[in-house]
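# Structure at a glance
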Amino acid sequence: ANPLKDIRVRRAISKALNRQAIVDRVMEKAAIPAANLVSPPVFGHVESLRPDAYDLDGAKKLLADAGYSQGFAMTVSAPNNRYVNDDQIAQAVAQMLARIGIKTRVDTMPMNVYLTKARNQEFSFAMLGWGSFSGDLALRSLAGTVAPEKGFGTWNWSRYSNAKVDALLEQGFALTDDRKREALAREAMQLAINDYAVIPLHHQLAAWAMKRSISYAGRTDEYTFAHHLKMR
């Protein structure tokens with residue numbers, strides 16, 4: 001049996017993660033704890049969502065309720081050259097999961113190797129970073145039921161599927177009214193996060209160094225394009 005198919009296990013994992021500690025110690029405060037797939041300024045962000053509180057006892061109880069009072073074993077997979085401190089984050093997550101009885105080993109590798117394995121579904125618990133201009137676009141890629149003909153689930157490594165989330169996304173994409181589309185995007189985000197389709201960890205903060213004569217609007221994908229620089 002796959003323990004991760006039980007929402008109680010997924011919730012236990014989320015509650016076992018001390019996001020603030022990762023932000024403070026691993027990321028050196030260059031991040032903020034996350035409860036959404038997109039950061040606060042982005043279209044479709046749900047302000048009312050909050051990260052699960054760090055609660056080891058609560059996490060252990062959820063595991064026991066799911067039939068895993070003795071825990072289980074799994075591998076935490078992550079890249080080691082793509083995101084800021086990605087390998088250190090994986091180690092921290094593994095140590096936190098070990099405290100609730102989930103026996104973990106960490107397997108990190110270069111991003112080019114990592115992506116090939118991920119797309120072949122060789123991982124059971126994997127790290128992925130994502131930048132998007134809207135919450136519904138992020139959901140379509142990461143949590144939409146895999147349907148290549150519609151562009152859904154292109155990065156849905158776990159093969160998560162929720163018909164309600166799919167329906168809300170499709171309704172939103174058919175609209176031209178941004179306010180109505182965003183309302184549907186937020187509803188879909190709430191459903192997916194409450195179902196632990198993915199477990200958000202933190203929003204990585206990107207920084208650019210400039211001099212007074214140059215300005216640049218930072219991008220969510222962290223790219224820097226020379227033709228976007230503005231001279232004052």
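To start, this report covers the structure provided alongside it. Quantities reported herein were computed from a predicted structural model and do not represent experimental measurements.

## Side note on the overall build of the protein chain
The helix and strand tally for the protein chain stands at eight helices and seven strands. Taken over the C-alpha trace, the protein chain has a radius of gyration of 18 Å; the compact-globule value for 232 residues is 17 Å, and the two agree within 12%. With the principal axes as the frame, the protein chain shows a C-alpha extent of 60 × 40 × 35 Å. Burial analysis of the protein chain (232 residues in total) assigns 44% to the buried set. Taken as a whole, the protein chain presents about 12,800 Å² of accessible surface, with 50% of it coming from carbon and sulfur. Treating the 30 positive side-chain charges of the protein chain as one cloud and the 23 negative ones as another, the clouds have centres 3 Å apart.

## Description of the packing of aromatic side chains
Counted by the stated rule, this structure contains eight aromatic pairs. Relative to F123, the ring of Y114 has its centre 4.9 Å away and its plane inclined at 25 degrees; by these criteria the two rings are stacked. Y114 sits in the buried class, given a relative accessible area of 0%. Measuring from ring centre to ring centre gives 5.9 Å for Y114 and W157, while their planes differ by 75 degrees; the resulting arrangement is edge-to-face. Placement of the pair is Y114 in helix α5 (residues 111–119) and W157 in the loop between α6 (135–142) and α7 (163–173), with a sequence separation of 43 residues.

## Focus on the pattern of salt bridges
Tallied over the full model, the rule gives nine salt bridges. As a salt-bridge pair, R8 and D6 come within 2.8 Å of each other at their nearest N and O atoms. Close ionic contact of R186 with E182 constitutes a salt bridge, the shortest N to O distance being 3.1 Å. One end of the pair, R186, and the other, E182, are both in helix α8 (residues 178–194), four residues apart, so they sit about a helical turn from each other. R186 gets classed as partly exposed once you look at its relative accessible area, which sits at 37%.

Cut-offs used in this document
- Residues numbered from 1 in each chain as written.
- Predicted model: local features only at pLDDT ≥ 70, side-chain atom pairs only at ≥ 80, totals over all residues.
- Heavy atoms only, no water.
- Helix = DSSP H or I, 4+ residues; strand = E, 2+ residues; numbered from the N terminus.
- Rg over C-alpha atoms; globule rule 2.2 N^0.38 Å.
- Buried < 20%, exposed > 50% of the residue type's maximum accessible area, 1.4 Å probe, protein only.
- Areas by Shrake-Rupley, 256 points an atom, 1.4 Å probe, with all protein chains shown as cover.
- Lys, Arg positive; Asp, Glu negative; His and termini not counted.
- Charge placed at Lys NZ, Arg CZ, Asp CG, Glu CD.
- Phe/Tyr/Trp six-rings, centres within 6.5 Å; stacked < 30°, edge-to-face > 60°.
- Salt bridge = Lys/Arg side-chain N within 4 Å of Asp/Glu carboxyl O.

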